[in-house]
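# A look at the structure
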Amino acid sequence: VVASGVLNVASMATVFGQAHYKPWARFSALLSIAALAGGLMVLMLDLGRPERVVVAATHYNFKSVFAWNVFLYSGMFAFVALYLWMQMQKRFNRYARPAGIAAFVWRFVLTTGTGLIFAFLVARQAYASALLPPLFIAMSLAWGMAVFVLAQAAVGGADEQLRQRIARLLGIFVALVLYLTAVYHLTNLYFARQTAFERFILLDGGVYPLLFWVGYVLVGSVLPMALVWRGTVGATALNVAAACTVAGAFAALYVFIVGGQAFPLEIFPGYEVASSFRDGAIAPYAPSVWEVLLGLGGVAAAFLIALVGQRLFDVVPRAAAGP
């Protein structure tokens, strides 16, 4: 999700011709490659048999959205790397815009595919909704922009005019995610079969309502919008807003992914189902230390790729990079 959204700046510069974003376009592309690599590393290692990725890469069931994503991820790497190459080689600069447009289109295809993983999953009541692909696209726009702001601050930060533009975009994207999330839950509440699930997520599900209302809505949405929509936005306020948005993203995904799987599927509507396999029971879950370390390892890998790339290649404006 972040790998797609962090390309916002490159897309604004190349596809929409916004000159203020152009100095940071290459850094945006590098961050996209780094985030995608770090995320896929976690995904592969979480399978327990990472060497089995060769099977996924050579045997395809095209009725499975997971098989589609093998091509979507590979295509994302290829298009962004091509775009970065066209940007960095002066003799190929004339091809930068077509490559940027291709990466722009592919990032939406990729994020749509990520949303479809859940939209096609009928085995959980939290998912199987046509709203999920556009919701994931909105998430990518907001959360990718927030990650870009934090990464940009680490290498020098933006000038005043660009900071105000980025702040306004971040506020709009965060509001869009909040709106689509509200529509998603209101749609579920309209269906009687989803009432129990929505009550679990929003009211009496223990840690899940707390993370949703405090972690995502308050910290991850309301606070960032308040910080970036209060007139001129300073560098500190923008960085805090971005950090809150990222924290809210983790909370939202935890509620959506873990909470969505913890709630039991209603196999026989109107009947109570129980067995020794915990059918019909809410599943308890707490992340182990190994899972936490694996997740942090993915973030660290993305950080390392971005750091090494920024040191080896001319992807940061000289004014920001310093002497």
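Since the model is a prediction, treat every value here as computed from it, not as a measurement.

Take the overall build of the protein next. Summing up its helical and strand segments, the protein has 13 helices and zero strands in all. For a compact globule of 323 residues, the expected C-alpha radius of gyration is about 20 Å, and the protein comes in at 21 Å, within 12% of that figure. Taking the principal axes of the C-alpha coordinates as reference, the protein spans close to 70 × 50 × 35 Å. Within the protein, the proportion of its 323 residues that are buried is 44%. Taking as baseline every contact in the protein between residues at least 6 positions apart, the subset at least 24 positions apart corresponds to 74%. Side chains of the protein give 20 positive and 11 negative charges; the mean places of these two sets differ by 17 Å.

Here the focus is the pattern of salt bridges. Where side chains of opposite charge bring their charged atoms close, a pairing between them can arise. As enumerated under the stated definition, the model contains two salt bridges in all. Across the pair Arg 163 and Glu 160 runs a salt bridge, and its minimum N-O distance is 2.1 Å. One end of the pair, Arg 163, and the other, Glu 160, are both in helix α8 (residues 160-190), three residues apart, so they sit about a helical turn from each other. The residue Arg 199 makes a salt bridge to Asp 204 at a minimum N-O spacing of 3.1 Å. Exposure remark for Arg 199: the relative accessible area of 47% places this residue in the partly exposed category.

What follows deals with the nonpolar core. Nonpolar side chains in soluble globular proteins tend to end up buried together. With 86 residues, the main nonpolar core has Trp 24, Phe 27, Leu 132, Phe 148, Ile 166, Leu 170 and Leu 238 as its most contacted residues. Here this core gets 14 residues from one element, more than from any other, and that element is helix α7 (residues 132-155).

On to the environment of Asn 69, then. Relative to the helices and strands, Asn 69 is located in helix α5 (residues 65-88). Asn 69 sits 47 residues away from Leu 116 along the chain, and the two C-alpha atoms are 10.0 Å apart. If sequence neighbours within four positions are ignored, Asn 69 has contacts with Gly 113, Thr 114 and Ile 117.

Relative orientation of the contacting elements α8 and helix α11 (residues 235-262) amounts to 25°, with a least axis distance of 11 Å. Put simply, α8 runs roughly parallel to α11. Viewed along their axes, α8 and α11 form a crossing whose handedness is left-handed. Residues Arg 163, Ile 166, Ala 167, Leu 170, Val 174 and Tyr 184 of α8 form the contact with α11, whose own contacting residues are Ala 235, Leu 238, Ala 241, Ala 242, Thr 245 and Phe 256. Each residue belonging to the contact of α8 with α11 can be placed in one class, and the counts come to 10 nonpolar, one polar and one charged.

The subject of this paragraph is the packing of aromatic side chains. For any two aromatic rings, the description comes down to two numbers: the centre-to-centre distance and the angle of the planes. Evaluated as defined, the whole model comprises 23 aromatic pairs. A connected cluster of aromatic rings, assembled from ring pairs, spans Phe 118, Tyr 127, Phe 136, Tyr 184 and Phe 256.

A separate point is the confidence of the model for the protein. Per-residue confidence for the protein gives a mean pLDDT of 90; residues scoring 70 or more make up 98%. Mean pLDDT in the protein bottoms out at helix α13 (residues 318-321), which sits at 60, and peaks at helix α10 (residues 207-228), which reaches 96.

Right, let's talk about a nonpolar patch on the surface for a bit. A surface patch of nonpolar side chains, about 610 Å² in accessible area, is lined by Phe 303, Leu 304, Leu 307, Val 308, Leu 312 and Phe 313. By the secondary structure assignment, Phe 313 is in the loop between α12 (289-312) and α13.

On to the packing of α8 against helix α9 (residues 195-204), then. At a minimum axis distance of 8 Å, the contact between α8 and α9 shows a crossing angle of 140°. Here α9 runs oblique to α8, going by the angle between their axes. Where α8 crosses over α9, the two elements pack in a sense that is left-handed. Residues Tyr 184, His 185, Asn 188 and Leu 189 of α8 form the contact with α9, whose own contacting residues are Thr 195, Phe 197, Glu 198, Ile 201 and Leu 202.

Turning next to the side chain of Gln 194. Within the fold, Gln 194 resides in the loop between α8 and α9. Under the relative-accessibility criterion, Gln 194 is labelled buried at 3%. Excluding residues that lie within four positions of it along the chain, Gln 194 makes contacts with Gln 125 and Asn 188.

Time to look at the side chain of Ser 32. Here Ser 32 lies in helix α3 (residues 25-46). When residues no more than four places from it in sequence are discounted, the contact partners of Ser 32 are Ala 3, Val 6, Leu 7, Met 76 and Val 80.

This paragraph deals with α8. Taking 1.5 Å as the rise per residue, α8 with 31 residues should run 45 Å; its terminal C-alpha atoms sit 45 Å apart, in good agreement. Structurally, the start of α8 carries an N-cap: the backbone nitrogen of Gln 161 is 3.1 Å from a side-chain oxygen of Asp 159.

We now examine α12. Taking 1.5 Å of rise per residue, 24 residues should cover 34 Å, and α12 covers 34 Å from first to last C-alpha, within 8% of that figure. Residues of α12 that are buried include every one of Leu 294, Gly 298, Ala 301, Ala 302, Ala 306, Gly 309 and Gln 310, and no others. Where α12 is buried, its residues touch α3 and α7.

Turning next to the environment of Glu 160. Glu 160 gets classed as partly exposed once you look at its relative accessible area, which sits at 40%. C-alpha of Glu 160 to C-alpha of Val 217: the two residues are 57 residues apart in sequence and 28 Å apart in space. A distance of 2.8 Å separates polar atoms of two side chains, one belonging to Glu 160 and the other to Gln 164.

Conventions we followed
Per-chain numbering applies: the sequence of each chain, read as written, is numbered from 1 onward. At least 70 in pLDDT is required for a residue's local features to be given in this predicted model, at least 80 for side-chain atom pairs to be given and counted, and no such filter applies to totals for whole chains, interfaces and linings, which use all residues. With hydrogens and water set aside, each side-chain value is computed from the structure's full complement of heavy atoms. To qualify as a helix, a DSSP run of H or I must reach at least 4 residues; to qualify as a strand, a run of E must reach at least 2; elements of each kind are numbered from the N terminus. Every radius of gyration here is taken over C-alpha atoms, with the globule rule written as 2.2 Å times N^0.38, N being the number of residues. Partly exposed describes any residue whose relative accessible area lies between the buried limit of under 20% and the exposed limit of over 50%, with all areas from a 1.4 Å probe on protein chains only and scaled to the type maximum. What makes two residues a contact is simply this: any of their non-hydrogen atoms within 4.5 Å. Positive charges are assigned to Lys and Arg, negative charges to Asp and Glu, while His and the chain termini are left out of the count. Note that the charge is assigned to NZ on lysines, CZ on arginines, CG on aspartates and CD on glutamates. Any Lys or Arg side-chain nitrogen located within 4 Å of an Asp or Glu carboxyl oxygen qualifies as a salt bridge. Residues belong to one nonpolar core when they are buried, are Ala, Val, Leu, Ile, Met, Phe, Trp, Tyr or Cys, and are joined through side-chain atoms within 4.5 Å. Under this scheme, a helix contributes an axis fitted over its contacting stretch, all axes are lines through C-alpha atoms, and angles between N-to-C directions fall in the 0 to 180 degree range. Working rule for angles: under 35 degrees goes down as roughly parallel, over 145 as roughly antiparallel, 65 to 115 as roughly perpendicular, anything else as oblique. Put simply, a crossing is left-handed when the front helix is turned counterclockwise from the back one by less than a right angle, and right-handed when it is turned clockwise. Residue polarity is assigned by list, with Asp, Glu, Lys and Arg as charged and Ala, Val, Leu, Ile, Met, Phe, Trp, Tyr, Cys and Pro as nonpolar; anything else, Gly included, falls into the polar class. Only centres within 6.5 Å qualify two rings of Phe, Tyr or Trp (six-membered ring in Trp) as a pair; their planes then separate them into stacked at under 30 degrees, edge-to-face at over 60, and tilted for everything else. By definition, pLDDT measures how confident the predictor is in each residue, and it falls between 0 and 100. In this analysis, a patch consists of residues with relative accessible area above 30% that form no salt bridge, clustered at 9 Å for like charges and at 5 Å for the nonpolar side chains Val, Leu, Ile, Met, Phe, Trp and Tyr. Using a 1.4 Å probe, accessible areas were evaluated by the Shrake-Rupley method; residue-level cover was limited to the displayed protein chains. To estimate the expected span of a helix, count its residues, drop one, and scale the result by 1.5 Å. A 3.5 Å cut-off defines polar contacts: any pair of N or O atoms within that distance qualifies, except that in protein one atom must be a possible hydrogen donor and the other a possible acceptor, and neighbouring residues in sequence count only when both atoms are side-chain atoms.

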